[in-house]
Amino acid sequence: MARGLSTYVGFAIALLLFFFVQPEQILAHRMIVELIEPGTIEVRYDDGTKSGMASVTAFDKEGVILFQEYVDEDGYVYYDATITVHQIVADDGIGHRATWSDEIEKEQSDVPIIVRALLGVSILLCIAAFFYFRNDKEKQEQE
Amino acid sequence: MHVADSVLSVSIAIGTTIAAGGLVTYALKGIKEEEVPKISLLTGAFFVSSLLNIPIGPTSVHPLFGGFLGLVIGRRAPLGIFIGLILQATLFQHGGLSTLGANTLLMSIPALFVYWLASLFPNIASFTKGFLAGFLAVCGGVILLVFLLLFSDHRYGEGAFSVMNILLFAYLPLALLEGLLTGFSVKYLYAVRPSLFNKEG
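Predicted, not measured: the structure shown is a model, and the values here were computed from it. (Residues numbered from 1 in each chain as written. Chains lettered and ligands numbered in written order. Predicted model: local features only at pLDDT ≥ 70, side-chain atom pairs only at ≥ 80, totals over all residues. Heavy atoms only, no water.)

Caption draft 1: Examining the pairing of strand β4 (residues 65–70) of chain A more closely. All names here are of chain A. In this structure, strand β3 (residues 55–59) lies alongside β4, joined through five bridges in antiparallel fashion. Bridge pairing in β4 links Thr57 to Gln68. Where β3 folds back on β4, the antiparallel hairpin that results is connected by five residues, among which Gly63 adopts a positive phi of roughly 85 degrees. (Pairing = 2+ DSSP bridges. Helix = DSSP H or I, 4+ residues; strand = E, 2+ residues; numbered from the N terminus.)

Here it is, written out as structure tokens:
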């Protein structure tokens with residue numbers, strides 16, 4: 001069983017190491033919509049890929065739709081800069097949705113994504129190790 | 001393929017949550033402690049698979065790993081997928097908590113389908129088995145996603161937003177890629193650790 005577990009552990013560690021080697025590629029797959037400046041909205045994924053097929057809907061403070069546009073091939077929507085936008089919702093049609101509001105401070109996580117990935121994998125590795133040694137101990141006691 | 005919060009209608013979200021609860025219960029039934037290490041480690045692999053982004057056209061996709069999970073942990077795949085999705089939603093904000101049930105179904109049902117198919121055809125060559133597992137798991141997930149989106153909002157079936165674009169444009173290349181990766185992985189593991197594919201429970 002020791003050889004079996006080492007295979008699994010090696011597999012999981014190899015996957016994580018792969019991402020450590022290319023940290024710039026380690027990004028969760030979220031869509032982000034942002035008001036770059038009055039008159040310009042950008043929709044992108046958090047790996048930097050521009051969204052070329054998202055629908056953008058802008059709302060005022062009362063929730064009334066101001067305009068609804070599709071992004072261009074670079075992920076931008078251009079509108080009349082005199083319009084005051086309170087909230088923007090972007091949807092790419094394949095299950096991703098992002099929201100921007102002028103009342104919410106820019107979202108920023110202080111914990112690097114590599115650390116969060118390591119936390120998740122560590123939790124699962126600890127569970128695996130706990131049950132492996134528990135099963136091993138029980139088998140030894142039975143013998 | 002993760003569906004974000006607010007994409008699905010409330011009724012669809014509730015229905016899929018109930019169905020996913022049943023699926024996870026089925027996956028938990030009869031589980032033995034000896035299976036937990038294998039399930040945990042493969043859940044870890046599923047968890048990190050969403051970190052790999054593949055830009056395709058106007059969007060980007062990521063590997064799903066459902067076919068591999070279905071082959072290796074069989075009926076326990078929904079459990080691993082469910083736990084992996086919770087971690088992805090809480091640590092990466094990838095996918096939503098209200099759509100956790102829908103995301104669980106999107107990936108678990110194809111994984112279970114692969115498990116069932118593999119039991120029907122046990123003598124297929126390992127690479128072929130792995131390729132079909134990876135390919136069919138992605139295609140199955142996309143088909144389910146199409147139905148979920150169409151049932152939630154009619155916009156997803158109209159014009160440039162038509163969900164048919166999803167299948168051809170974004171996920172077919174991923175299905176082929178994941179088929180190849182799963183095929184090579186399964187072939188290698190069959191050679192060095194064939195006991196990995198012996199199902200328990």
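There's more to say after this.
Caption draft 2: The arrangement of empty space enclosed by the protein in detail. All names here are of chain B. Taken as a whole, this structure holds three cavities of 30 Å³ or more when the rule is applied. What lines the second largest cavity is a set of 11 residues, and nearest its centre among them are Leu64, Gly66, Leu106, Met107 and Ala137. Across the lining of the second largest cavity, the residue classes tally to seven nonpolar, three polar and one charged. (1 Å grid on protein atoms, 1.4 Å probe; cavity = no way out; pocket = protein on both sides within 12 Å on 5 of 7 lines; lining within 4 Å. Points joined across faces, edges and corners; volume = space filled by probe spheres on them. Nonpolar A, V, L, I, M, F, W, Y, C, P; charged D, E, K, R; others polar.)

Caption draft 3: Focus on the pairing of strand β7 (residues 97–101) of chain A. All names here are of chain A. Both strand β6 (residues 87–91) and β7 contribute to a ladder of five bridges, which runs antiparallel. Pairing of Gln87 across the sheet is with Ser101, part of β7. What sits between the antiparallel neighbours β6 and β7 is a turn of five residues, in which Gly93 has the positive phi angle 85 degrees.

Caption draft 4: Quick look at the UniProt feature "transmembrane region" (unreviewed entry) in chain A. If you check UniProt for "transmembrane region" (unreviewed entry), the listed places come out as residues 113–133 of chain A in our numbering. Annotated as residues 113–133 of chain A, this span is 100% helix and 0% strand, and its ends, taken at the C-alpha atoms, are 30 Å apart. (UniProt positions renumbered as here; feature names shortened; annotations may be inferred.)

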